[in-house]
Structures are given as structure tokens and as C-alpha cells.
Amino acid sequence: MAQQKMLQFVRVAKETPEKREADDRAQDFGEIYAEFAAEKAAEQASRCSQCGVPFCQSHCPLHNNIPDWLRLTAEGRLEEAYAMSQATNTFPEICGRICPQDRLCEGNCVIEQSGHGTVTIGAVEKYITDTAWEEGWVPPIAPVEERSESVAIIGAGPGGLAAADRLRRAGLQVTVYDRHDRAGGLLTYGIPGFKLEKDVVMRRVEQLEKGGVEFVLNCNVGTDISFDAIRGKHDAVLIATGVYKGRDLTGPGAGAQGIVAALDYLTASNRVSFGDEVPEYLSGALNAEGKRVIVVGGGDTAMDCVRTAIRQGAVSVKCLYRRDRANMPGSQREVQNAEEEGVDFVWLSAPNGFAGDPVSSVMVQKMRLGPPDASGRQSPEVIEGADYAEPADLVIKALGFEPEDLPALWGEEALEVTRWGTVKADFRSHETSLPGVFAVGDIVRGASLVVWAIRDGSEAADSILDFLAQPAQVAAE
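Because the structure is predicted, anything quoted here is derived from the model rather than measured.

**A few points about the overall build of the protein**
The number of helices and strands found in the protein is 20 helices and 16 strands. For the protein, the C-alpha radius of gyration of 23 Å lies close to 23 Å, the compact-globule estimate for 477 residues. Seen along its three principal axes, the alpha-carbon backbone of the protein occupies a region of about 75 × 55 × 50 Å. A burial count over the protein gives 49% of its 477 residues as buried. Within the protein, contacts between residues at least 6 apart in sequence are counted, and of these 69% link residues at least 24 apart. Summed over all atoms, the accessible surface of the protein reaches about 21800 Å², with 50% contributed by carbon and sulfur. Counting 47 positive and 71 negative side-chain charges, the protein places the averaged centre of each group 4 Å from the other.

**Quick look at the sheet that holds strand β9 (residues 344-346)**
In space, the five strands of this open sheet follow the order β6-β14-β7-β8-β9, with parallel pairing throughout. Bordering the open sheet on either side are β6 (259-261) and β9, each of which pairs with just one other strand. Direction aside, neighbouring strands of the sheet carry axes that sit 25° apart on average. Where strand β8 (residues 316-320) lies against β9, three bridges are found, and the strand directions are parallel. Among the inter-strand pairings, Lys-318 is bridged to a residue of β9, identified as Asp-344.

**A word on unusual backbone geometry**
Following Asp-357, the chain continues to Pro-358 via a peptide bond in cis, the omega torsion being 10°. Note on placement: Pro-358 falls in the loop between β10 (349-355) and β11 (361-372). Phi at Leu-348 is positive, roughly 55°, even though this residue is not glycine. For Leu-348, the location among the structural elements is in the loop between β9 and β10. Even without being a glycine, His-430 presents a positive backbone phi close to 70°. Looking at the element boundaries, His-430 is found in the loop between α18 (406-410) and β16 (437-439). The class for His-430 is buried, based on a relative accessible area of 6%.

**Points about the pattern of salt bridges**
Scanning all chains against the criterion turns up 37 salt bridges. Close ionic contact of Lys-195 with Asp-304 constitutes a salt bridge, the shortest N to O distance being 2.8 Å. In this pair, Lys-195 is assigned in the loop between α11 (186-189) and α12 (198-210) and Asp-304 in helix α16 (residues 300-311), connecting sequence segments 109 residues apart. Since its relative accessible area comes to 5%, Asp-304 is described here as buried. Among the charged side chains, a network of salt bridges with common partners joins Lys-195, Asp-304, Arg-307, Arg-311, Glu-334 and Glu-341.

What counts and what doesn't
- Residues numbered from 1 in each chain as written.
- Predicted model: local features only at pLDDT ≥ 70, side-chain atom pairs only at ≥ 80, totals over all residues.
- Heavy atoms only, no water.
- Helix = DSSP H or I, 4+ residues; strand = E, 2+ residues; numbered from the N terminus.
- Rg over C-alpha atoms; globule rule 2.2 N^0.38 Å.
- Buried < 20%, exposed > 50% of the residue type's maximum accessible area, 1.4 Å probe, protein only.
- Contact = heavy atoms within 4.5 Å.
- Areas by Shrake-Rupley, 256 points an atom, 1.4 Å probe, with all protein chains shown as cover.
- Lys, Arg positive; Asp, Glu negative; His and termini not counted.
- Charge placed at Lys NZ, Arg CZ, Asp CG, Glu CD.
- Pairing = 2+ DSSP bridges.
- Axes fitted to C-alpha atoms, helices over the stretch in contact; angles between N-to-C directions.
- Salt bridge = Lys/Arg side-chain N within 4 Å of Asp/Glu carboxyl O.

See below:
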């Protein structure tokens, strides 16, 4: 019931005379609901069966000690619960908001498997961490001893920030280089604010800055500073650039105006939420208001796009995906949220061409599922003669991301990459083919989850500490 009421407030049109009154009602409702947050968190936490084999923990990439901090929450020992959560997760308030819990911890909850509904682990994690910030339980970054060694981190996304936190707490001098004007990577500009409030991200960035981490923003490695120069200035380097090169659409008319990349669209929306002036948004090029919107893709980025378009006041929002719902790679919870908000999913469909410039319609090709491909998923096959035209004023390409050619961009051919273009790195140490250079996150894994990037960043930080200790060990011998 609470979710339904909240959705009613979200759906209020942006520019109606009643907007201010609706906003006030939503705020009042949020304040009233907040009064019961502690009670609801304790109630959910107490549902944990404390099973002998905690599948929730084993299916968490960070192996968070979920049963124990749920027990502490149920007992009202929130500060201890937060300390236990933070011990294995650099950013629990972020994971509590954006992790696909339905595919990880909650989806493997014993109570969920027995048909009684999962413990809402993500919501409890978010609650205890938000409470920790409010109560002042989050300790500042204060190294016991300063060290002279310095580490460069290229990329201020979740993997880079997790590593920066761990390295700085160990006393190392840490400099983070990033191409954007704000740190956070996709946390800041790729994920919509209704899923991850931007002040939550900026709060962690501010903590790192106050703790002594230096951020060099608006800095493109290979253009503003060479990779060689970075290696020369620092004792170790961590590559955490992520993958930003969006896959493209093909077919007649694919280059028409009104066909835009998902990341460009989401970045514009997030910049507006920061109060930035974004010409492409003001002109309508990256704004869905009053438009018939079609999003092509079936991952979490596609879900972010369709839900953003709804909030911007689109006339209609359709999502084309070439497989069926069961084979969709994105979170099923996100699909359900999108459907509740008015998104129309057109399964077993793919674009075959585009009419008009600016775009006015999409030629939709109907598909069916054939034999499984190499990954075991059924391959989509074209149904001949089943094409039709779908009107559209804005088409958003959300087909996934690929790595940029870092060796070419950085003039470092010795940096080995896989046949997919991702950086080759040891899966244990995260060290690359270059001595003292490590790599983590999507630039190694391919497009993946934030929680995996956080894990990689923490592991790589430990490996960097070991690497920097080696010369001292040799000298001592």
C-alpha cells in the first residue's frame, strides 16, 4: 500500500498547477512513513531465519555478513549493525539502493525459497547506513600513519572510489583522475536520482576529499595528461575507467536526429538534477517531455531510461526487447516497477529501420526464440513478413556498453587486452601486463554490477599494498 501511494505522488504531471500541492503531500507522506522506518526495519530483520547455510551471504559478491547484521538490527543495535555492514562493504548505502537484490541476496533467501517472501535485505541495509550518517557513526578517513608512496587511480566510479578509500585509510597518498566534472562515474551520471540520490554519492566523495584523497577532474588521460606521465608521478596505478562506449543501432535511418545514446540521455537528466544548464535538454534533444519514446534494450540501463522518460512527462514509453521476459538480462524487479509506472514492454521485437529525420517511426521486426546460443540462451530469429511501424519522436539506444581502446587512446601498446577489448588482469591480484599497474571493474569484467566493482576495488587495494611492500622486503633481505 505504501508503495502504491508513493507511486501516485511520482506520477503527478510536472507542470500542472497542482504540482506544488502534490509535492507537499508527498513530503508529508515521506515524513509520516519515516516515523515507522525503525519499526519496519526491525520487523523485516527479525524475519531472518538465521539459517545454518546463509545463501544470502554466499550469493553476495562482497560476502556481507547479512544474517548477523540483520540480527543486530532486530535487536535495535543499529550502530553495531552498521559497523558490521561497513566492514565488508565500502558503500553499503549505495548497494542497498541499487544492487539487484532479487538476483543476489534476496533472491536466495531461504524464506523466499520456501514461498513466504524474502527478507527485504536491501531496504534494511539502506536504513541502517542512512541512520549511521544521521547519528554520526560513520568514522572519517584518518590514517594512523602517513606513508610517502602514492597511487594514481584512473576513474572515479565505484571501483576506483572503493580502492581510494582503502588505500587512503592505509596512509597512502591517493590521486584520482576522472574525465567528468564530478566524481562518482555512473553512480553520478548514469544511474537516475530516483534510484540513487546524488547527495548520497557526493557525501562519500566529500568524505574521501576530507580524508586526503586528491581528485583531478575534467581530465582525459591520453589528452590532458599522458599515461606515461601518470606512471612516472606515482608508485602504482589502478585503471578503473569502466566501459562507456555504447553499442550502436544499424539499419536504414539509424543516423537520424532523435536517435540518441542511453548514456547521453541519462547524463543530461542527471546534470539537470544537479542544477546544471544542459542545452541539449533545454532544446528537447535529450528530453522526453511530450514525446512518444521507444527504448531499445533489455538491461538495467534500458530500465533506467524508460523510468526516466516517464518522469519527464513522455506521452508514451515503449521498450523493445528481442527476447521474451524470462530471458531479459535486467532486474525483474525493475521491469515490474517500470510496468507499474506505465511503460509498455514489447517482447520479441527489434528495430529494423527508422523513418524520418528527425525520426518519426521505428520499423519493428517481430522475433521468435530458436535454439540456444553458445551461452545457453535461446537465440532470437526473425519472423518474416511480421514487420510494422511504431510511431516515435525519441529513440534511446540502450544496447549495452563496450570498452574503449585504451592501448591506442593512451599510447601504451604494452597494456594487454582481451579479444573483447577489456584489460587483461590477474583475477587474484588484479595486476595487468604492466608492472605496478592494476585494473578493476567493468574495464576488466565487461559491463557488470556496481557491487562487483566495489569488490574488485577493495581487492586491488590490498594487492597494491602488497606490491608496494615488496621493495622494502627486498631491501631488508
